[in-house]
Amino acid sequence: LPQCLIDEINNLTQKNIATTVLYPDTIPTLEYLKSKWYKIAVISNLAQKYEIPLRSLFPKWIFDYEALSFNVGEIKPNPWIFENIKNKSWIDFKDMIMIWDKIDIDIWWAKNVWIDGIQIDRTMKEKWPIYKEDYVKISTLSELKKIL
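Residues numbered from 1 in each chain as written. Predicted model: local features only at pLDDT ≥ 70, side-chain atom pairs only at ≥ 80, totals over all residues. Heavy atoms only, no water.

Undergrad: In this structure, what is going on with the pairing of strand E6 (residues 135–138)? I would like to understand it.
TA: Residues in a regular strand project their side chains so that they alternate between the two faces of the sheet. Burial along E6 is two-sided: the residues Tyr135 and Lys137 and Val136 and Ile138 are all buried. Bridge count for strand E4 (residues 116–120) against E6 is four bridges, and the pairing is parallel. In the sheet register, Ile120 faces E6, and the bridge partner there is Ile138. Inspection of the sheet shows strand E5 (residues 130–131) paired to E6 by two bridges, in the antiparallel sense. (Buried < 20%, exposed > 50% of the residue type's maximum accessible area, 1.4 Å probe, protein only. Helix = DSSP H or I, 4+ residues; strand = E, 2+ residues; numbered from the N terminus. Pairing = 2+ DSSP bridges.)

In structure tokens:
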């Protein structure tokens, strides 16, 4: 790639990193789940440049397990990234739940390895869980407290 394009990509990446924030209900909900003895994992296709900004979003690292693509050499939707968490945690896929916003690369691919899915659709007007045929749909992370 020409250097000017590489510089532009790096600038966009830095701008994206600088503007990344957590939703207000993220930490309280994750802490609630931990208090109920749930194990929590983060699975992400993040590039290595995002690792420090990701970790700095949390006052203390709350995740029990992690599969960050640049560390494990796999990306979603490859089922091996889920296998990575299974191997670290000793938790069967049937006992896992994938929670994220993308149906195509998160929920359906998790289902391919028998992991149940919960979709977060923050644009939903309803403020309660919607039970679909193959997954549950919520509008905020804090709604997990109602269904788990």
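Undergrad: How should I be thinking about the packing of aromatic side chains in this particular structure?
TA: By convention here, two paired aromatic rings are described through the distance between centres and the angle between planes. Summed over the entire model, instances satisfying the criterion amount to three aromatic pairs. Ring geometry for Phe58 and Trp61: centres 5.6 Å apart, planes at 85°, overall edge-to-face. The exposure class assigned to Phe58 is buried, which follows from its relative accessible area of 7%. Connected via pairs of aromatic rings, a cluster forms that spans Phe58, Trp61 and Phe63. Its end group placed over the ring of Trp61, Arg55 keeps NZ or CZ at 4.5 Å from the ring centre. Lying across the ring of Tyr32, Lys145 places its NZ or CZ 5.5 Å from the centre. (Phe/Tyr/Trp six-rings, centres within 6.5 Å; stacked < 30°, edge-to-face > 60°. Lys NZ or Arg CZ within 6 Å of the ring centre and 35° of its normal.)

Undergrad: Explanation requested: the environment of Ile147 in the structure shown.
TA: Its place among the elements puts Ile147 in helix H7 (residues 144–147). Sequence separation between Ile147 and Leu68 is 79 residues; the distance between their C-alpha atoms is 27 Å.

Undergrad: Would you mind going over the confidence of the model for the chain with me for this structure?
TA: Do not read the fine detail of predicted coordinates wherever pLDDT is low. On average, residues of the chain score 87 in pLDDT, and 99% of them reach the 70 mark or higher. Averaged pLDDT values over the elements of the chain bottom out at 72 in helix H6 (residues 103–111) and peak at 96 in helix H2 (residues 26–35). (pLDDT = per-residue confidence, 0-100.)

Undergrad: Sorry if this is basic, but what is going on with the sheet that holds E5 here?
TA: Pairing between the strands of a sheet comes from backbone hydrogen bonds, and it takes one of two forms, parallel or antiparallel. Pairing is mixed across the open sheet formed by four strands, whose spatial order is E3-E4-E6-E5. Whereas interior strands pair on both sides, the edge strands pair on one side only; in this sheet they are strand E3 (97–100) and E5.

Undergrad: It is not clear to me how the pattern of salt bridges should be interpreted in this structure. Could you clarify?
TA: Opposite charge on two side chains lets them pair, provided their charged atoms get close. Counted by the stated rule, this structure contains six salt bridges. When the shortest N-O distance is used, the salt bridge between Lys137 and Asp121 registers 3.4 Å. In this pair, Lys137 is assigned in strand E6 and Asp121 in the loop between E4 and E5, connecting sequence segments 16 residues apart. Considered together, Lys137 and Asp121 belong to a single accessibility category, that of buried residues. (Salt bridge = Lys/Arg side-chain N within 4 Å of Asp/Glu carboxyl O.)

Undergrad: How should I be thinking about the environment of Lys39 in this particular structure?
TA: Inspection of the secondary structure assignment puts Lys39 in the loop between H2 and strand E1 (41–44). Overall, Lys39 belongs to the exposed group, its relative accessible area being 53%. In this structure the C-alpha to C-alpha distance between Lys39 and Asp7, which are 32 residues apart in sequence, comes to 40 Å. Aside from chain neighbours lying at most four places away, what touches Lys39 is Asp64, Tyr65 and Ile91. (Contact = heavy atoms within 4.5 Å.)

Undergrad: Help me understand the environment of Lys76, please; the structure alone is not making it clear to me.
TA: Topologically, Lys76 is positioned in the loop between helix H4 (69–72) and helix H5 (79–89). For the pair Lys76 and Ala41, spaced 35 residues apart in sequence, the C-alpha to C-alpha distance is 14 Å.

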